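Coordinate analysis (summary)
Listed below are the residues making up each chain.
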Amino acid sequence: MGLPAQPKRRRVLLAHIAERSFEPGTRYPERAVDDALKAWCAAGGSDHATLRRYLIDERLLTREHGIYQRP
């Protein structure tokens, strides 16, 4: 899966991924986040680290001391 170049479209896709992959308020170690995101990358075009970084940048996930959480 490639990410859209347009920021608004990319955010919509990232929000969808966050909603489908992570429960609000649940704390996830980085390995669990990576494992969840790898499923979205199976077709190629993007990697889990890039998705994780975008999710943080868009504030769809928070990160503190290696623990991630969907607000």
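Predicted, not measured: the structure shown is a model, and the values here were computed from it.

So, about the pattern of salt bridges. Scanning all chains against the criterion turns up three salt bridges. Taking the shortest distance from any N to any O, the salt bridge between glutamate 58 and arginine 11 comes out at 3.4 Å. You can see glutamate 58 sitting in the loop between α3 (48-57) and β2 (62-64) and its partner arginine 11 sitting in helix α1 (residues 7-21), a full 47 residues away along the chain. Judged by its relative accessible area of 35%, arginine 11 is partly exposed. With a closest N to O distance of 2.4 Å, arginine 52 and aspartate 34 form a salt bridge.

Moving on, we get to helix α2 (residues 30-38). Taken as a whole, α2 has its buried residues at Val33, Asp34 and Leu37. For α2, the arc enclosing every buried residue in end-on projection is 100°, short of the 170-degree limit, so these residues lie on one face. The inward-facing, buried residues of α2 abut α1, β1 (27-29), α3 and β3 (67-69).

Its place among the elements puts proline 71 in the segment after β3. Along the chain, proline 71 and aspartate 47 lie 24 residues apart, while their C-alpha atoms are 23 Å from each other. If sequence neighbours within four positions are ignored, proline 71 has contacts with Pro24, Arg59, Leu60, Leu61 and Thr62.

Here we come to the sheet that holds β1. In a beta sheet, neighbouring strands pair by backbone hydrogen bonds and run either parallel or antiparallel. With antiparallel pairing, three strands are arranged side by side in an open sheet as β1-β3-β2. Either end of the sheet is taken by a strand with one partner, and the two such strands are β1 and β2. The average angle at which neighbouring strand axes cross in this sheet is 30°, direction not considered. By the bridge criterion, three bridges tie β2 to β3 in an arrangement that is antiparallel. Looking across to β3, one finds that glutamate 64 is bridged to isoleucine 67. With respect to the sheet, α2 is in contact with β1 and β3, its orientation differing from that of β1 by roughly 85°.

The rules behind the values
- Residues numbered from 1 in each chain as written.
- Predicted model: local features only at pLDDT ≥ 70, side-chain atom pairs only at ≥ 80, totals over all residues.
- Heavy atoms only, no water.
- Salt bridge = Lys/Arg side-chain N within 4 Å of Asp/Glu carboxyl O.
- Helix = DSSP H or I, 4+ residues; strand = E, 2+ residues; numbered from the N terminus.
- Buried < 20%, exposed > 50% of the residue type's maximum accessible area, 1.4 Å probe, protein only.
- Arc of directions from axis to C-beta.
- Contact = heavy atoms within 4.5 Å.
- Pairing = 2+ DSSP bridges.
- Axes fitted to C-alpha atoms, helices over the stretch in contact; angles between N-to-C directions.

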